[in-house]
Amino acid sequence: MSVKLRTKVLKDGGKSYYLDIYHNGKRSYEFLGIKTINKGTSKDTASQKNEKKRIAESLAAQKEIELISKGTQYTPIHIKNMNFFDFAENFIDRYTKKDGRMIQSALKKFKSYVNYDALNVVDISPDMMEGFKESLLKDPLLSGETPHNYFTRFKKILRSAKIKGLISEMPTNEIRFTNPNKGDTLHKQILIMEELRILSKTHCGNDEVKKAFLFCCYTGLGLAEIHILKWSHIKNGRLVIAREKTKVKIDNPLNSAAIRLMGEPGEPSERIFKINNISHVAVNKNLKNWLKRAEIDKKITFYCARHSFACLLLMNGANLKSVADAMGHKSTKTTLKYLNHVERLKDEAINNIPDIEI
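Anyway, here's the lowdown on the structure attached to this text. Note that this is a predicted model, so its numbers are computed, not measured. (Residues numbered from 1 in each chain as written. Predicted model: local features only at pLDDT ≥ 70, side-chain atom pairs only at ≥ 80, totals over all residues. Heavy atoms only, no water.)

**So, unusual backbone geometry**
Apart from glycine, the bulk of residues carry a negative phi angle, and the bulk of peptide bonds sit in the trans form.
Inference 1: Of note, N115 is a non-glycine position whose phi angle comes to about 60°, a positive value.
Inference 2: One can find N115 in the loop between α4 (100-114) and α5 (126-138).
Inference 3: Look at N115 and you get exposed, because its relative accessible area is 65%.
Inference 4: Its identity is not glycine, yet K247 carries a phi of approximately 65°, on the positive side.
Inference 5: Along the chain, the position of K247 falls in the loop between β5 (238-242) and β6 (249-253). (Helix = DSSP H or I, 4+ residues; strand = E, 2+ residues; numbered from the N terminus. Buried < 20%, exposed > 50% of the residue type's maximum accessible area, 1.4 Å probe, protein only.)

**Some details on the pattern of salt bridges**
Inference 1: Under the criterion given, the structure shown has 16 salt bridges.
Inference 2: Its salt-bridge partner being R6, residue D20 comes within 2.8 Å of it at the nearest N-O pair. Taken together, the residues D20 in strand β2 (residues 15-23) and R6 in strand β1 (residues 2-9) connect sequence positions 14 residues apart.
Inference 3: Note on R6: relative accessible area 35%, which makes it partly exposed.
Inference 4: Here D251 and R238 are joined by a salt bridge, their closest N and O atoms 2.7 Å apart. Separated by 13 residues along the polypeptide, D251 in strand β6 and R238 in strand β5 bring together distant segments of the chain.
Inference 5: Exposure remark for D251: the relative accessible area of 35% places this residue in the partly exposed category.
Inference 6: One network of salt bridges, with partners in common, ties together R6, D20 and R27. (Salt bridge = Lys/Arg side-chain N within 4 Å of Asp/Glu carboxyl O.)

**A few points about the side chain of D20**
Inference 1: The exposure class assigned to D20 is buried, which follows from its relative accessible area of 7%.
Inference 2: Within the local environment of D20, its side chain forms a polar contact with the side chain of R6, the two groups lying 2.8 Å apart.
Inference 3: Those residues in contact with D20 that sit more than four places away from it in its chain are S2, V3, K4, R6, R27, S28 and Y29. (Polar contact = N/O pair within 3.5 Å; in protein donor to acceptor, adjacent residues only side chain to side chain. Contact = heavy atoms within 4.5 Å.)

**Concerning the sheet that holds β1**
Inference 1: Ordered by their spatial adjacency, three strands build an open sheet running β1-β2-β3, and the pairing between neighbours is antiparallel. Each having just a single partner strand, β1 and β3 (26-35) make up the two edges of the open sheet. Adjacent strand axes in the sheet meet at a mean angle of 25° when their direction is disregarded.
Inference 2: Across eight bridges, β2 lies against β3 in antiparallel orientation. Considered in β3, the bridge of H23 is made with K26. (Pairing = 2+ DSSP bridges. Axes fitted to C-alpha atoms, helices over the stretch in contact; angles between N-to-C directions.)

Put into structure tokens, the structure is as follows:
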């Protein structure tokens, strides 16, 4: 096994440092991204060249220690002290595939879960990843396949860390992600029009939560959009906003019920519904007590309002493409689960027609 520091001469006469690695009978090369500049106004001084050489030599020494320590219980000190979030951000900066935004969102969720600004790479344990998985499944702002997708994308960062020798094995190896929302079946409950009428006449512990929830039933917004919804998003009787999760633009007309729920117009920068200072737990508790007073035996969250909106559109004659556009879906594949649900409701209604004797 050997790690040799070598240089390649550049066109301007400068040098590019790289590692010539021979390990387990195989030779590989790793460019360090360290170059000296020999021409022009930004030409390196002698001290700068020496500093770059010392950095390259240090990286070569670190690589040699990594290879020597493989298969042992020893973890090199530079790996022990590496901040995972620095590594992850660097990974994302270099990542070029289309799911880069989702990886960034997954990392944001992980950082919120651990609640640390710095976390050593070697401290990411299977227990930590199991807890992260559960937090994604319970996150009120995530639904459907999103928790599973976030977890899968996050593993790309860990896999890169393993390839680079920063961790010896994936901390997710024994974790099975059973997603209760997998498939084209609508698992969350919806509210039909008669139930919305009952709720509109029933007292809710927080009137802002009540108005915001009913507004979502008429517009298809989720709680994430309600938190940022301002009067500037209302233009000529239309709701124009991008979904927080996908950034897909929604441009839908507002019916009279939705307009009444908003109340008197305010300044463009003013939020329409004042619920930003209410925790998710408090919001869900308000919804639970409200449904109980209305004697509606369903477990409802804000995301159920979005589901209800889609089903109400289909029940009132909208086609699949129109519903997909209104919901801000990128394709009708996501919308199909609502159509399947409406079809089941129709079948149940037909089967519940009273029998007669012939």
